[in-house]
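# Analysis of the macromolecular model
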Amino acid sequence: MTESLLAVRGLSKHFVSGNETVPVIEKLSFTLGQGQSLALTGRSGSGKSTLLNLLCGLELPDAGTIVLHDRVFEAGGAAARRTVTAWSTLRRQHIGVVFQEANLMPALSLLENVQFRAQLAGRDPANSEDWLTRLGIGELAQRYPDQVSGGQRQRAALAMVFAMEPALILADEPTGSLDRHTSDEVARVLFDLQARHGCSLILGTHDAELAAGCQQRLDLGHLNAV
Amino acid sequence: MIRYFGSLLVFSLFAGCSSDAGDEGFAGLAGLEQGTIADTPYLQPGPGDRLSFPADFGPHPQHRIEWWYLTANLETGAGEPLGLQWTQFRQALQPRAATEPVPAATDWPLQAAWMAHGAVSWRGQHYFAEKLARGDMGTAGATAVPFQVWLDNWRLSGNADNDRWQLQALGEGWSYDLTLNIEGAPVAHGQQGFSAKSASGEGSMYFSLVDIAIRGEVTLDGEVLAVRGKGWFDREWSSQLLKAGQKGWDWFALHLDSGDKLMAFRLRDENGSFLSGTWLPAEGDPVPLSSEELSLNELDRRKGVPVRWQLSIPKYQTDLELNAPPGDYLNRGLYPYWESPVSVSGSHSGAGYMELTGYKAQ
Amino acid sequence: MKGLPSLFSPTFPALFLPRALLSHYRRHPLQLLALAAMIVIATMLWTGMNHLTSQARASLDQSERAVAQRQQVVRDDGRALVVEDFVSLRLAGVCVMPWLEVTPETGSRLVGIDPLAAHCFGAGTGASQALDQPLDGKPFVDVHAAASISARDSHLYLLTPETTQTTGLPGGYYLKTFSASPDTGELGDSFVLNLEALGVLVLLITALLLRSVYLLGLAQRRDSFALLHRFGVPPGRVQRWLALEILALSLVSVVPGVWLGRWLAAGLGSGFGEALDGLFDIPLYAGQGQGWITPVLVMLAVVVIACLGDLLLLRFRERFSLPLPARAALAIALLAAGLAMAWLAPSLPWVFIAVALVFAGAGWLTPAAIAHLALWRAGRSKAPLARWRFRELAVLVRRLTLPLVALQFALAMVLAVQALVTTFEDTFDRWLGQRLEAAYYIEVPSRTDGHKAAAWLTGQQASAPGLQWHRVIRGKAQLADAENPGGPQVDVLAVAPVGSLVRAWALLEAAVQPWGALASGEGVMINEQLARRQNLGVGDSVQLTLGAQPRALPVLGVYPDYGRPVGEVLLNAATLPDNFDVRFESLSVTPGELGITQVTSALEQIWGVNELSLRDNGTIRELATGVFDQTFALTRAMTLLTLILAASALLMMGWVFFSARAWYFRLLVVWGMQQREVAGQLLRLALLVTGGIAVLALPLGIWLTWVLVHRINPLAFGWSLPMAVYPVFWLELAVLNLAIGLSIAALMRRQLGRPVVAPVSASALMGGER
């Protein structure tokens with residue numbers, strides 16, 4: 001058994017809509033080992049994105065504890081500000097986030113995007129071009145996001161994430177806007193690199209085939225029948 | 001009779017009201033809602049009021065408006081007709097009771113504004129001038145005894161018996177110097193001097209001198225003309241002359257060759273008109289004429305102004321056609337209006353004067 | 001879905017298209033409101049500016065008439081006029097009007113006039129033409145009101161029209177000139193001309209703003225247009241309906257805009273003629289008579305051109321669209337041509353064309369230049385954040401081109417107006433100050449002798465410290481030269497002694513020790529008009545015939561003279577020949593320790609008169625500056641409003657732009673930057689944009705000032721104003737601009753805190769973001 005990278009205990013999050021409190025995540029607990037991959041499944045609105053946001057500190061939980069990369073984040077702590085700062089640092093250096101679309105700065109070339117992200121994480125930007133090549137888009141390095149296809153943009157986004165040498169990759173429907181063929185290719189590259197570099201991956205998707213590529217699976221729709 | 005009054009200018013100026021005609025009637029003669037500044041109210045003539053002489057030749061400072069109005073149908077030595085007008089108006093800005101003292105001239109008081117109009121019509125030409133002054137300064141005013149009405153160097157003045165008047169006025173290119181012999185007593189119009197101007201009771205005190213023999217000199221562009229003829233003199237005062245909505249009037253004073261005389265007027269508003277007049281037979285007492293007894297019809301217009309009229313009084317077998325001579329007789333002052341001699345034909349012949357206000361001259 | 005098939009049928013219900021187009025606004029009423037509000041505000045602004053200009057022209061015309069020399073009637077025996085004089089003159093048929101100057105116990109001087117008596121001045125139109133005097137806000141009241149005031153001092157003048165002849169006066173009176181203050185005519189004309197030029201600029205700015213808002217709206221409706229296109233509606237039809245839509249909208253918005261503009265101008269400018277409005281029942285503002293149709297039509301045209309210009313020019317643009325470098329070259333060429341033309345233009349229209357060229361060039365070049373600069377900087381940046389920031393800046397500038405150019409123009413205009421107005425103020429003040437150097441001005445009564453008074457004053461000099469005085473003699477002289485012996489007539493201004501009261505005059509050009517030379521009669525000074533017209537300068541010699549005696553005198557100096565177009569010669573009165581025809585004589589006196597009453601009583605005794613015509617120059621100055629002050633204040637207010645409009649348009653557009661990019665700014669947070677840091681980046685970005693525009697507006701503004709002062713003025717009037725710059729004001733503008741930047745950044749910071757959805761629309765992803 002590999003060492004645990006992420007441990008979630010009793011995590012809850014609800015949204016207030018008018019007078020109603022709508023629970024999105026209810027007392028969720030799980031752990032994820034170093035280098036492991038986890039698929040979050042469930043239909044739209046089941047809380048996949050919310051959970052991913054909670055796991056990188058873009059949103060804060062109402063209850064529960066998250067232990068990530070040896071840091072403990074308790075819900076409702078008095079030092080909220082310090083929590084936010086701590087999450088920022090984690091995201092900057094150790095958590096790579098991939099969204100369905102628009103992961104790149106439109107005014108920067110693909111290469112510049114990768115360099116930007118690497119530098120933010122404190123890594124050497126010199127390897128950036130390498131990463132693009134490894135993702136099969138080395139010849140597009142000087143192009144801008146609007147000059148390449150959707151699949152190429154997602155590859156660039158992955159290059160960006162891997163260039164920062166993350167401990168954890170959070171991917172929210174990373175192939176959601178791609179056709180089947182491209183989607184499969186991108187997924188293959190993702191799993192391949194993840195395995196090779198030993199980082200953990202949490203993948204939110206409603207695509208069963210994609211989810212099957214992960215070692216573990218957490219069905220939020222099942223857990224949180226709203 | 002109903003005479004045009006213009007010093008409304010002064011109102012607009014000092015009370016800050018607009019010059020927009022609106023419902024104020026011609027020259028703002030209706031709807032004068034200006035509050036009185038002092039405690040003294042304006043007096044409004046009513047059917048019970050009587051004339052009093054000689055006092056009524058003088059001013060009535062507690063009434064808002066009044067005028068002294070002379071029109072004359074004269075002939076030159078060569079027998080050419082010549083029309084002539086002299087008018088002086090007083091418009092109160094603040095009513096003053098007879099018992100109140102006259103303010104000192106050194107204060108440049110502004111209780112009343114005066115305006116004078118002079119005009120001569122000859123050979124189709126119309127000469128006109130307008131003068132303005134504030135009252136109580138000495139530059140403009142009127143007195144009953146001795147009878148005097150003046151504004152700057154224009155002056156009408158009577159002798160001790162008030163039966164012989166002198167009149168001088170002058171403008172650019174014209175002047176006149178006349179002697180007027182007053183023959184006959186003042187004629188009261190309406191109900192012993194109260195002349196109604198609407199069915200609802202607005203009106204004025206109104207009397208006339210209708211037998212005036214005139215001689216004198218008229219100078220036009222340097223040419224001196226000896227003139228003689230007949231005049232018609234009106235005195236009228238009120239505080240609210242027109243009813244709101246009345247837009248203007250047509251007024252006629254006629255000397256018929258039969259020796260009869262006639263005064264008639266019509267007040268126009270959107271819904272119709274109000275007619276009134278006085279029949280002055282050669283022999284006997286004047287008879288007031290009601291709306292039903294008079295009929296007045298426009299026959300023809302010249303540049304937007306009706307210049308040919310039919311005037312009939314069936315009761316006196318009178319059916320007249322009135323014609324203005326060729327020419328433009330618009331008095332182009334602060335409030336333009338038409339003032340022209342007319343010739344009379346039809347059942348009677350004769351001459352007279354016509355005043356038309358509230359038309360849009362083209 | 002029931003209705004859908006009908007959409008695909010070849011003929012839609014007649015009103016399907018407008019309904020479909022309008023449905024956008026039903027869903028986004030705020031957009032419609034914003035567009036309408038923009039048209040209303042732009043119309044209001046321009047109408048207000050336009051209205052104000054005509055008001056200023058009317059007021060200056062009036063003041064010009066007011067201060068123009070007039071005639072007055074005075075008594076032979078020198079006694080003060082009283083009401084009885086007025087009455088007896090009027091009864092004698094003389095047209096006279098009271099002019100009762102009253103200095104209240106407290107407050108400033110009032111002039112009482114009688115509009116009824118003034119009726120005889122102007123034929124038919126009442127008193128208006130004779131004495132519209134909107135000086136000093138509200139100095140004119142009815143003479144009754146003036147007479148009722150408890151006054152320290154009051155003086156009655158009786159004015160009479162120019163047509164009055166001495167022969168028409170009754171015995172015991174004669175005619176004399178009457179002047180309320182120095183003539184400001186040409187200075188005023190020049191000011192108004194400049195205001196009008198600026199009005200055109202305001203129109204341009206409003207057009208740019210309208211266009212930017214309209215294009216923004218169009219962009220937001222792009223999806224619905226695409227949908228319509230998919231339904232088979234030809235684009236031409238959509239465009240026609242859009243044209244109709246904007247026409248209808250502008251019709252609805254322009255009219256209230258014009259109304260508001262007039263209201264604004266009237267509100268701001270009410271002080272202008274309030275006094276008159278109360279006195280004369282005449283439309284006071286020149287713009288009021290024809291003021292509706294013109295602005296409505298102009299604004300409609302502007303809206304249509306600004307918003308639909310593309311539709312009209314589309315084909316042209318397709319055919320002649322230029323590659324970027326060619327466009328830049330063209331812009332630079334325009335700019336260069338405009339600059340050259342402004343320098344060399346022989347007449348006013350050419351200068352105006354030059355200004356248009358320069359603005360077109362600058363407007364075209366500025367955003368592109370900033371964007372290029374930003375890209376260049378980004379290329380040189382090693383730090384990824386800085387590179388990102390400069391790249392974003394380039395995008396920002398390109399996306400906000402129109403409002404930025406509008407802001408740049410507005411800034412340049414405000415800058416120029418400020419410089420212009422301040423220059424006018426200074427110039428006018430200084431010039432008036434020179435002309436009214438002495439504290440008092442005493443007319444020498446006709447039939448008396450100025451020499452005796454001068455002798456007495458000379459005698460007092462030793463015992464009365466602070467006493468300064470000189471005689472002023474005015475008359476005419478004939479200018480002559482070798483070819484042209486009977487040259488033009490010029491005014492003569494002769495003073496003696498040439499003392500400290502004149503020596504303070506600023507000279508445009510001067511010989512060594514010019515005043516000393518003038519005092520010793522070695523030469524003359526001439527005004528700028530004469531110098532320009534006769535091409536004379538210091539060292540040249542003027543042939544003057546004074547009286548009958550011709551003489552040649554060197555020019556010792558050239559002095560500014562903004563009042564009248566007439567050439568004038570200043571010389572030492574002691575050198576005038578005895579037969580010189582003195583038109584007017586006065587004494588300028590600063591009594592010092594002597595006290596003015598001592599001076600006047602002594603002079604009354606010397607001249608054997610009971611009363612002197614004495615004027616306190618301080619109050620004259622107050623009166624004369626009053627009218628300008630108000631015009632200046634209003635001009636500033638209007639230009640500032642333009643600036644505020646431009647700023648708020650930029651704010652609005654900036655906010656929309658930033659909102660569209662909020663996802664990417666949030667991406668920085670996802671990447672581990674703290675919100676505070678991201679907000680800091682946004683702030684720097686916003687400040688870079690607005691600061692850059694401010695910096696680029698500066699040369700344009702200075703250039704515009706130069707054109708107004710040094711090109712337009714001399715071409716229009718024959719004299720120029722001094723050019724001055726006001727860096728403190730620049731600083732104020734810079735601060736204002738930074739405030740705009742700060743506001744945009746603050747709005748964005750709020751946006752950052754909220755969850756953002758990723759941009760999904762194809763257009764947002766595929767185009768225009770870079």
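Positions within a chain are numbered from 1, following the residues in the order the chain's sequence is written. Chains carry letters and ligands carry numbers; both start at the beginning, A for chains and 1 for ligands, and go up in the order they are written. Local features in this predicted model are restricted to residues whose pLDDT is 70 or higher, and side-chain atom pairs enter the listing and the counts only when it is 80 or higher, whereas totals over whole chains, interfaces and linings include all residues. Side-chain metrics in this entry use all non-hydrogen atoms of the structure; hydrogen atoms and water are not considered.

## Topic: the overall build of chain A
When you go through chain A residue by residue, the secondary structure sums to eight helices and nine strands. Burial status across chain A gives 58% buried among its 226 residues. Each accessible area is a Shrake-Rupley estimate made with a 1.4 Å probe; only the visible protein chains count as cover when residues are assessed. Total accessible area computed for chain A in this model is approximately 9,700 Å², and 47% of it derives from carbon and sulfur atoms. Secondary structure is summarised from DSSP: a helix means a run of H or I of at least four residues, a strand means a run of E of at least two, and numbering begins at the N terminus for each. Three exposure classes are used, based on accessible area relative to the maximum for each residue type with a 1.4 Å probe and protein chains only: buried under 20%, partly exposed in between, and exposed over 50%.

## Focus on empty space enclosed by the protein
Points on a 1 Å grid, built from protein atoms alone, make a cavity when a 1.4 Å probe fits but cannot get out and make a pocket when they are open with protein on both sides within 12 Å along at least 5 of 7 lines; residues with an atom within 4 Å of a point are the lining residues. Grid points are joined across faces, edges and corners, and a volume is the space filled by probe spheres set on the points. This model, assessed by the stated rule, comprises five cavities of 30 Å³ or more. Estimates place the volume of the second largest cavity at around 60 Å³. Forming the boundary of the second largest cavity are G96, V97, N103, R117, A157, M160 and V161 of chain A together with W671 of chain C. Every element with two or more residues in the lining of the second largest cavity is listed here: β6 (95-98) and α5 (150-163) of chain A. In terms of residue count, the dominant contributor to the lining of the second largest cavity is α5 of chain A (three residues). Of the residues in the lining of the second largest cavity, the class split is five nonpolar, two polar and one charged. Amino acids are sorted into nonpolar (Ala, Val, Leu, Ile, Met, Phe, Trp, Tyr, Cys and Pro), charged (Asp, Glu, Lys and Arg) and polar (every other residue, Gly among them).

## Description of the nonpolar core
Residues enter a nonpolar core if they are buried and are Ala, Val, Leu, Ile, Met, Phe, Trp, Tyr or Cys, with the set joined through side-chain atoms within 4.5 Å. Of all hydrophobic cores here, the largest spans 209 residues; its most connected members are L51 and I202 of chain A. Here the element with the most residues in this core is helix α13 (residues 401-435) of chain C; it accounts for 21 residues. Contacts are residue-level and defined by heavy atoms, with any inter-residue pair within 4.5 Å sufficient. When near neighbours in sequence (up to four residues on either side) are disregarded, L51 of chain A contacts L11, I25, L28, F30, L40, L218 and L220 of chain A. With 44 residues, the next largest nonpolar core counts A116, W165, Y176 and M205 of chain B among its residues.

## Things to note about a nonpolar patch on the surface
Residue and element names in this part refer to chain C. A residue counts toward a patch only above 30% relative accessible area and without a salt bridge, and it is joined to like-charged neighbours within 9 Å or, for Val, Leu, Ile, Met, Phe, Trp and Tyr, to nonpolar neighbours within 5 Å. Salt bridge, as used here, is a side-chain nitrogen of Lys or Arg placed within 4 Å of a carboxyl oxygen of Asp or Glu. On the surface, V255, W259, W263, W292, I293 and L297 cluster together into a nonpolar patch covering about 670 Å² of accessible area. Where the nonpolar patch is concerned, the elements lending two or more residues are α8 (235-279) and α9 (293-320). Of all the elements, α8 adds the most residues to the nonpolar patch, at three residues. Examined against the element boundaries, I293 turns out to sit in helix α9.

## Some thoughts on the side chain of Q115 of chain A
Relative to the helices and strands, Q115 of chain A is located in helix α3 (residues 110-120). With near-sequence residues (within four places) excluded, Q115 of chain A lies in contact with P125 and S128 of chain A together with R387 of chain C.

## As for the state of the cysteines
Residue and element names in this part refer to chain C. Cysteine sulfur pairs qualify as disulfides if the two atoms are within 2.5 Å. In total, this model carries one disulfide over all chains according to the counting rule given. Shown here is the disulfide that connects C95 with C120, its sulfur atoms set 1.9 Å apart. Taking the sign of the S-S torsion, 80° for the link of C95 and C120, the bridge is right-handed. With C95 in the loop between α4 (83-91) and β2 (97-104) and C120 in the loop between β3 (110-113) and β4 (140-142), the pair connects residues that are 25 residues apart, well separated along the chain. Classification of C95 by relative accessible area gives buried; the value is 14%. With a relative accessible area of 31%, C120 lands in the partly exposed category.

## Describing the sheet that holds strand β1 (residues 4-17) of chain A
Residues and elements named next belong to chain A. Should DSSP find at least two bridges between two strands, the strands are taken to pair. With antiparallel pairing, four strands are arranged side by side in an open sheet as β2-β1-β4-β5. Where the open sheet ends on each side, the last strands, each with one partner, are β2 (20-33) and β5 (71-74). This sheet shows a mean twist of 15° between the axes of neighbouring strands, independent of strand direction. Looking at chain direction, β1 and β2 are connected through 10 bridges and run antiparallel. Of the residues in β2, the one forming a bridge with S4 is G33. Note on geometry: axes are C-alpha line fits, over the in-contact stretch for helices, and angles between N-to-C directions span 0 to 180 degrees. Taken strand by strand, helix α2 (residues 80-93) contacts β4 (63-68) and β5, and its axis lies near 135° from that of β5.

## A word on the interface of chain A and chain C
In this assembly, 29 residues from chain A lie in contact with 28 residues from chain C. Note on definitions: buried area is the accessible-area loss of two parts on being combined, 1.4 Å probe, summed for both. Roughly 2,700 Å² is buried in total at the junction of chain A and chain C, and carbon and sulfur atoms are behind 61% of that figure. At the junction of chain A and chain C, the tally comes to two salt bridges. Of the charged contacts in the structure, one is a salt bridge between R391 of chain C and E112 of chain A, with a shortest N-O distance of 2.5 Å. Here a polar contact is recorded for every N or O atom pair within 3.5 Å, except that within protein the pair must consist of a potential hydrogen donor and a potential acceptor, and residues adjacent in sequence are included only if both atoms are side-chain atoms. At the junction of chain A and chain C, the tally comes to seven residue pairs in polar contact (both at pLDDT 80 or more).

## Considerations on the pattern of salt bridges
For the structure shown, the criterion picks out 31 salt bridges over all chains. R123 of chain B is the partner of E80 of chain B in a salt bridge, and the nearest nitrogen-oxygen pair spans 2.7 Å. Placement of E80 of chain B in the loop between β1 (65-76) and β2 (81-92) and of R123 of chain B in the loop between β3 (112-122) and β4 (125-134) is noted, with a sequence separation of 43 residues between them. Since its relative accessible area comes to 25%, E80 of chain B is described here as partly exposed. The residue D114 of chain C makes a salt bridge to R134 of chain B at a minimum N-O spacing of 3.1 Å. Taken together, the residues D114 of chain C in the loop between β3 and β4 and R134 of chain B in strand β4 connect one chain to another. In terms of burial, D114 of chain C and R134 of chain B fall into one category: buried. Counted as one network, the salt bridges with shared partners bring together R180, D184, D207 and E209 of chain A.

## Some thoughts on the pairing of strand β14 (residues 568-572) of chain C
Residues and elements named next belong to chain C. Here β14 lies mainly inside the structure; five of its five residues are buried. Two strands pair when backbone bridges link them, and strand β11 (residues 524-527) and β14 are joined in this way by two bridges, in the antiparallel orientation. Across the sheet, the residue bridging to I526 is V569, located in β14.

## Here's the deal with the pairing of strand β15 (residues 261-269) of chain B
Residues and elements named next belong to chain B. Buried residues dominate β15, accounting for eight of its nine residues. In terms of strand pairing, strand β14 (residues 246-256) meets β15 through nine bridges, oriented antiparallel. Across the sheet, D250 pairs through a bridge with R266, a residue of β15. Where β14 hands over to β15, the hairpin turn is made up of four residues, of which G259 adopts a positive phi near 95°. Two strands pair when backbone bridges link them, and β15 and strand β16 (residues 272-280) are joined in this way by nine bridges, in the antiparallel orientation. When the bridges of β16 are listed, L267 appears paired with F274. Adjacent in sequence and paired antiparallel, β15 and β16 are bridged by two residues.

## Some details on the side chain of N527 of chain C
Residue and element names in this part refer to chain C. Structurally, the position occupied by N527 is in strand β11. Reaching out from N527, the side chain makes a polar contact with the backbone nitrogen of L530 at a distance of 3.0 Å. When sequence neighbours within four positions are dropped, the list of residues in contact with N527 reads V558, Y559, D561, V566, G567 and E568.

## Brief notes about the environment of Q468 of chain C
Residues and elements named next belong to chain C. Following the sequence through the fold, Q468 ends up in strand β8 (residues 468-480). Q468 gets classed as partly exposed once you look at its relative accessible area, which sits at 28%. Setting aside residues no more than four positions away along its own chain, Q468 makes contact with S500, L501, S588, V589 and T590. For Q468, the side chain forms a polar contact with the side chain of S500, separated by 2.6 Å.

## Observations concerning the environment of V255 of chain C
All names here are of chain C. Considering the arrangement of structural elements, one finds V255 in helix α8. A residue is classified by how much of its surface remains accessible, and V255, at 38% relative accessible area, is partly exposed. Ignoring sequence-local partners within four residues, the contact set of V255 consists of W292 and V296.

## What about the packing of aromatic side chains?
For Phe, Tyr and Trp, where Trp contributes only its six-membered ring, two rings pair if their centres lie within 6.5 Å, and the inter-plane angle classes them as stacked under 30 degrees, edge-to-face over 60, or tilted in between. For the coordinates displayed, the defined rule picks out 26 aromatic pairs over all chains. Three or more aromatic residues link up through ring pairs in this structure, and these residues are F53, F57, F147, W165, F207, F233 and W237 of chain B. One cation-aromatic arrangement involves R64 of chain B over Y42 of chain B; the distance from NZ or CZ to the ring centre is 4.1 Å. Two thresholds decide whether a charge sits over a ring: the Lys NZ or Arg CZ must be within 6 Å of the ring centre and within 35 degrees of the ring normal. Geometry around F390 of chain C places R389 of chain C over its ring, the cationic atom sitting 5.7 Å from the centre.

## Here's the deal with the sheet that holds strand β9 (residues 216-219) of chain A
Residues and elements named next belong to chain A. Spatially, the five strands line up as an open sheet ordered β6-β7-β8-β3-β9, and their pairing is parallel. The sheet terminates laterally at β6 and β9, the two strands that pair on one side only. Pairs of neighbouring strands in the sheet enclose a mean axial angle of 15°, with direction left out of account. Examined bridge by bridge, strand β3 (residues 37-41) and β9 share four bridges and lie parallel to one another.

## Some thoughts on unusual backbone geometry
Working note: non-glycine residues mostly have negative phi, and peptide bonds are mostly trans. Note that the residue after V145 of chain B, namely P146 of chain B, is joined by a cis bond; omega there is -10°. Look at the link from A496 of chain C to P497 of chain C: it is a cis peptide, with omega at -5°. Residues other than glycine seldom take positive phi values, yet E165 of chain A does so here, at roughly 45°. Structurally, E165 of chain A can be placed in the loop between α5 and β7 (168-172).

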